[in-house]
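Architecture at a glance
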Amino acid sequence: MLLMFIAGCTYGEEHASREDAARAQEDAGIPLYWVGESFEGFPLTAAEVSGPRRALFVYGECDGESEGIDGFHCTKPQLQIQFLPFDAVGWKIASGCRTVASLRGVPTLHHGGLVLVTRNGIVKAFGHNAAQSRRLALALRSLDGPSRQVLPPPSDEQRRIVAEACPGSIAH
């Protein structure tokens with residue numbers, strides 16, 4: 001899921017704003033969560049939408065390099081917050097995920113990043129390491145509401161599907 005956004009990570013020196021994030025929220029059609037116009041020294045550099053219920057906030061510059069069509073990588077560090085619809089079929093075949101302590105009142109997993117399972121879909125937080133991903137997830141706040149509120153809990157069906165795919169308990 002991360003790869004669908006990577007090709008777009010060549011952002012210029014201009015930084016994105018709250019207005020860009022609000023526009024992304026409107027285009028995605030779901031509530032989005034961000035960590036402000038900067039996080040731990042990384043400025044918001046992109047607020048993108050790739051379809052209904054799919055959005056991406058990027059913090060930090062990219063300055064990419066390419067080693068062929070599949071070899072693009074950023075040479076400067078970046079942080080990402082991804083928003084994806086909950087895909088029951090995808091979770092039924094998920095492998096390599098594991099539960100971690102619940103954050104923000106929702107089931108939390110490690111699956112190629114820190115994954116928060118919400119009623120509105122999946123929120124993925126990608127930092128440089130697990131500790132930074134956790135700080136990123138804990139700092140998420142609504143564009144429209146108070147900071148650090150509990151995220152909307154997933155449905156019982158979402159919980160059941162994820163529990164079957166990922167070892168551990170996701171009761172909370």
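Every chain's residues receive numbers from 1 upward, in the order its sequence appears when written. Only residues with pLDDT of 70 or above have their local features reported here, since the model is predicted, and side-chain atom pairs are shown and tallied only from 80 upward, although totals for entire chains, interfaces and linings are computed over all residues. Hydrogens and water are ignored here; the side-chain numbers use all heavy atoms of the structure.

Turning to helix α4 (residues 130–139), a few remarks are in order. With a 1.4 Å probe rolled over the protein chains alone, any residue whose accessible area is under 20% of its type maximum counts as buried; one over 50% counts as exposed, and the rest are partly exposed. By definition, any uninterrupted DSSP run of H or I lasting at least four residues is a helix, any uninterrupted run of E lasting at least two residues is a strand, and each is numbered from the N terminus. Of all the residues in α4, the buried ones are Q132, S133, L136, A137 and A139. Projected down its long axis, α4 shows its buried positions confined to an angular sector of 165°, all on one face. By the N-cap criterion, in which a side-chain oxygen at the helix start approaches the backbone nitrogen of a residue two or three places on, α4 is capped by N129, the distance to A131 being 3.1 Å. Comment: arc refers to directions from the helix axis out to C-beta atoms. In protein, a polar contact means a hydrogen-donor-capable atom and an acceptor-capable atom, both N or O and within 3.5 Å, with residues adjacent in sequence counting only if both atoms are side-chain atoms; elsewhere, any N or O pair within 3.5 Å suffices.

Moving on: the pattern of salt bridges. Basic side-chain nitrogens of Lys or Arg form a salt bridge, by our definition, when they fall within 4 Å of a carboxyl oxygen of Asp or Glu. Applying the stated criterion to the full structure yields four salt bridges. Measuring nitrogen to oxygen at the nearest pair gives 2.6 Å for the salt bridge that ties D20 to R23. In this pair, D20 and R23 both sit in helix α2 (residues 18–28), three residues apart, roughly one turn of the helix. Judged by relative accessible area, which is 46%, R23 ranks as partly exposed. Among the ionic pairs, R160 bridges to E157, the shortest N-O distance being 2.6 Å. Pair noted here: R160 and E157 are both in helix α5 (residues 156–165), with a separation of three residues, about one helical turn. Judged by relative accessible area, E157 falls into the partly exposed class, the value being 41%.

Moving on, we come to the side chain of T118. With respect to the helices and strands, the residue T118 is situated in strand β10 (residues 114–118). Looking at T118, its side chain comes within polar contact range of the main-chain nitrogen of N120, at 3.2 Å. In this structure T118 touches V106, V123, L151, P152, P153, P154 and Q158, once residues within four positions along its chain are discounted. Residues count as neighbours in contact if any of their non-hydrogen atoms are within 4.5 Å of one another.

A word on the environment of R135. With respect to the element layout, R135 can be found in helix α4. Given a relative accessible area of 38%, R135 falls into the partly exposed group. For R135 and V35, which are 100 residues apart along the polypeptide, the C-alpha to C-alpha distance reads 10.0 Å. In terms of polar contacts, R135 uses its side chain to reach the side chain of E40, at 2.6 Å.

Positive phi, close to 50°, is recorded for E40, a residue that is not glycine. In this structure, E40 sits in the loop between β2 (38–39) and β3 (42–51). Even without a glycine there, the phi angle at R104 is positive, about 60°. Along the polypeptide, R104 turns up in the loop between β8 (98–103) and β9 (106–110). Residue R104 is classed as buried on the basis of its relative accessible area of 10%.

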